Amino acid sequence: MSVFKNLPTPPAAPKKPFTDTRHGITRTDDYAWLRADNWQAMFKDPSILAPEIRSHLEAENTYMNAAMADTKELQKVLFSEMKGRIKEDDSSIPMKDGPYAYGTLFITGGEQPHFFREPRNGGERKLLLNGDKENEGKSYFRLSGLDHSSDHSHGIWGYDDKGSEYFTLKIRNFETGEDLADVIENTGGDAVWAPDGKSFFYTLQDENHRPSKIFHHIIGTPQSDDRLVYEEEDPGFFMGVGGSLLDDYIFIDIHDHETSEYRIIPTSDLTAEPKIVAERETEIEYEISEGGDVFYILTNDGDAKDFKIMEAPAENPGKENWREVVPHKPGTLILSHLAYARHLLWLERKDGLPRIVIRDRRTGEEHAIAFEEEAYALGLQGAAEYDTDVIRFSYSSMTTPSQLYDYNMVTRERTLLKTQEVPSGHNPEDYVTRRVFAPAWDGETVPVTLLYRKDTPLDGSAPCLLYGYGAYGVTIPAGFNTNCLSLADRGFVYAIAHIRGGKDKGFAWYEDGKMEKKTNTFKDFIAAADYLNQQKFTSYAKIIAEGGSAGGMLMGAVANMAPEKFAGIIAAVPFVDVLNTMLDDTLPLTPPEWPEWGNPIESKEEYEQIAAYSPYDNVGEKPYPPILALGGLTDPRVTYWEPAKWVAKLRDKTTSDAPILLKTNMDAGHGGASGRFQRLEEVAFEYAFAVKVAEKM
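So, how was this worked out
Residues numbered from 1 in each chain as written. Predicted model: local features only at pLDDT ≥ 70, side-chain atom pairs only at ≥ 80, totals over all residues. Heavy atoms only, no water. Helix = DSSP H or I, 4+ residues; strand = E, 2+ residues; numbered from the N terminus. Rg over C-alpha atoms; globule rule 2.2 N^0.38 Å. Buried < 20%, exposed > 50% of the residue type's maximum accessible area, 1.4 Å probe, protein only. Contact = heavy atoms within 4.5 Å. Areas by Shrake-Rupley, 256 points an atom, 1.4 Å probe, with all protein chains shown as cover. Lys, Arg positive; Asp, Glu negative; His and termini not counted. Charge placed at Lys NZ, Arg CZ, Asp CG, Glu CD. Salt bridge = Lys/Arg side-chain N within 4 Å of Asp/Glu carboxyl O. Core = buried A, V, L, I, M, F, W, Y, C linked by side-chain atoms within 4.5 Å. Pairing = 2+ DSSP bridges. Axes fitted to C-alpha atoms, helices over the stretch in contact; angles between N-to-C directions. Right-handed = clockwise from strand over helix to strand, strands pointing away.

Peer 1: I'd like a description of the overall build of the protein chain, backed by residues and values.
Peer 2: When its secondary structure is counted, the protein chain shows 13 helices and 37 strands. Against the 2.2 N^0.38 benchmark of 26 Å for 697 residues, the protein chain shows a C-alpha radius of gyration of 25 Å, consistent with a compact globule. Projected onto its principal axes, the C-alpha positions of the protein chain cover 70 × 55 × 50 Å. Expressed as a percentage of its 697 residues, the buried residues of the protein chain come to 59%. Sequence separation of 24 or more characterises 57% of the internal contacts of the protein chain that already satisfy a separation of 6 or more. Of the roughly 26900 Å² of accessible surface on the protein chain, a fraction of 47% belongs to carbon and sulfur atoms. Computed over 74 positive and 112 negative side-chain charges, the inter-centroid distance for the protein chain is 5 Å.

Written out as structure tokens, the structure reads:
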């Protein structure tokens, strides 16, 4: 019986059948009209959204507010709890670079970061950029960071004030605190200085929101005069620009989800034609890190499925000169690597747990940084300087607040710099973290990380929030999350299912959850729910499933496959209209996504594979549980019409009386609200839905 009472009549989106025929197969889409024909322009100016579409989204928001009205106080309590666990006037430990150390801080009540620097060995701080001041008067505001020039005189900073991820770049004079007249529009948000501090390189987003061009901007000149450095003709590739620690090279990184290519420009000649390191080959990935006169190259070339590290002379880095320095070890996935004057280091994962390995470049001696907990997360920050023996890393677990360390790679001494403060208090001894393994349909085992209070009864009566993602090789870390403590303190078991599609158990775990094997991702998540029910950590009647973006596709799929096994479903910016999106090559992410899902335009087989699981296409007449979908009007990644169409179809088809709710943020995009506390309000809303459904409030 539904816990939602006395609800008004929900919006009924009118059906306007639109037919599409591909490969001799005709489909009818009743809600295609919700896709704005002028979406490119609307992302930059949301006010031009068609009135019929806007009124429908606003009606959905009105209905959603009515359904959740009785949780208003709970939302306030949850928000207060989560805010109380954040140190409001927090500050990072500054990172040393040349004569200064750079860091960020937040002020009490502030939503946005402030960027500062201080003398290298301590002293008076100088505020470089006040994010709260820049945020004034804006309903949405997201900073892309502040990158200082090599001579420490200026900084490039960027912002997006619509949620559409079109970033504007400005240049801040650190001496005066004022911005120069240069304004660079429609960028991807990333930029890298030339060593002389008089120019920089940046990515430009095209009309379809793809970073297709790299430009070189000289300070003091208009953007229209910027020199085109490189244009990527293939719409299936992402592109970014960066630089080496020694300021010797500008790196142009071109990649999709399975293929990569680097082009480099020596900073000794900024007008040089970008030089290819190794030409792109389908399903061959590589990343480069400068090591003085050599490049270290992390790659899966030569059947190194879990990656290996190669070395090549910087002057002639072609593949014919690659030499193996860290061999491929099946089952041990190398995630990233860094190089410094005397050390090579990399972050790897084995048996689901990360560790940092450090090699002395002169002697070849290796040692590792690891921890003993059953499940934990490591973050490798490295250093801002090349000639150093000290790097920085972070450690946390589901019960242990984040700890930041400096680590001397020669003496092997760890220096604890900071432990995350929880102002309202946190006793790790009150909680339990576990890593369990759920049997999958094909004999595999799915790791599941659990967090719950020690006094939580494990007799099937505890509610559970089961989170999953399972795409792009993304691994969900078992790190400290203060927000989920609000659920644990209410008797919830908080669970993360490390399903196929991520790299939690190596690269093969990713391959087993993509393309024609995509349904393994969904089956793994259901297997995790089955295991938690069987082992009485919870019960089907108490499990709320949650996932966002590609994890929202997961939510849509499991809702279709096993609606009876979930008490409720939360789908944030859900990628649910998979077939239509992959058929629309004008959308920002469609061509780059084909290696992940398939290209239904070219391949009938891949069309049929996607059609068989695409959540929107497989909504049927079945008793769906309560569902909360969340979207962002200017989201360029998962467009607002995907959850809007999905909810309309679910509401039309469901045979239960459980409400299907849609919340569209009319002032934000893919990441939701931009401020640190605004984001907490959204989490509190989602958690209030979970509590309402699970506890039958």
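Peer 1: Summarise the pattern of salt bridges; cite the residues concerned and give the values.
Peer 2: One pass over the structure, following the stated rule, counts 46 salt bridges. Between arginine 323 and glutamate 311 there is a salt bridge, with the nearest N and O atoms lying 2.6 Å from each other. On the criterion of sequence distance, the pair formed by arginine 323 in strand E21 (residues 323-326) and glutamate 311 in strand E20 (residues 308-313) is long-range, its members being twelve residues apart. The class for arginine 323 is partly exposed, based on a relative accessible area of 47%.

Peer 1: Please give an account of the side chain of aspartate 206 that cites residues and values.
Peer 2: By the element assignment, aspartate 206 lies in the loop between strand E11 (199-205) and strand E12 (211-218). Although aspartate 206 is buried, it makes no salt bridge; arginine 210 carries the closest opposite charge, 5.1 Å away. Residue contacts for aspartate 206: discarding those within four places in its chain leaves Tyr166 and Ser212.

Peer 1: Residue-level account of the environment of glutamate 287, with values.
Peer 2: Note on placement: glutamate 287 falls in strand E18 (residues 286-290). Along the primary structure glutamate 287 and isoleucine 297 are separated by ten residues, whereas in three dimensions their C-alpha atoms are 5.5 Å apart. Beyond its immediate sequence surroundings of up to four residues, glutamate 287 is in contact with Tyr262, Tyr296, Ile297, Leu298 and His337.

Peer 1: Quick one: what's the story with the nonpolar core, residue by residue and with numbers?
Peer 2: Formed by 126 residues in total, the largest nonpolar core has its most connected members in Leu466, Tyr494 and Phe525. Excluding its chain neighbours within four sequence positions, the residues that come into contact with leucine 466 are Ala495, Ala497, Phe525, Ala528, Ala529, Leu532, Ile543, Ile544, Ala545 and Glu546. Within the second largest apolar cluster, 17 residues are counted, among which are Ile358, Ile369, Phe393 and Tyr407.

Peer 1: Explain the sheet that holds strand E28 (residues 403-408) residue by residue, including any values.
Peer 2: Reading across the sheet, the four strands line up as E26-E27-E28-E29 and stay open at both edges, with antiparallel pairing between neighbours. Unpaired on one side and paired on the other, strand E26 (377-382) and strand E29 (414-419) mark the two borders of the sheet. Each neighbouring strand pair of the sheet contributes to a mean axis angle of 25°, computed without reference to strand direction. Sheet topology note: the E28/E29 ladder contains five bridges and is antiparallel. What sits directly across from glutamine 403, in E29, is threonine 419.

Peer 1: Can you explain the pairing of strand E34 (residues 543-548)? Please cite residues and give values.
Peer 2: Burial of E34 is extensive: six of the six residues sit out of reach of the surface. Along E34, one buried face is formed by Ile543, Ala545 and Gly547 and the opposite face, lined by Ile544, Glu546 and Gly548, is buried too. In this sheet, E34 lies alongside strand E32 (residues 464-468) in parallel orientation, the contact comprising four bridges. Its bridge partner lying in E34, leucine 465 is registered against isoleucine 544. Of the strand pairs in this sheet, E34 and strand E35 (residues 568-572) are connected by five bridges, and their pairing is parallel. Opposite glycine 548, over in E35, you have alanine 572 as the bridge partner. With respect to chirality, the unit in which E34 leads through helix H8 (residues 550-561) into the neighbouring parallel E35 is right-handed.

Peer 1: Go over the sheet that holds E21, please, and point to the residues and values.
Peer 2: Strand order in the open sheet formed by four strands is E18-E19-E20-E21, and the pairing between neighbours is antiparallel. Edge strands, defined here as strands with exactly one partner in the open sheet, are E18 and E21. Here the strands of the sheet are splayed against their neighbours by 35° on average, with no regard to which way each runs. The pairing of strand E19 (residues 294-299) with E20 spans six bridges and is classified as antiparallel. Bridge pairing links valine 294 to proline 313 in E20.

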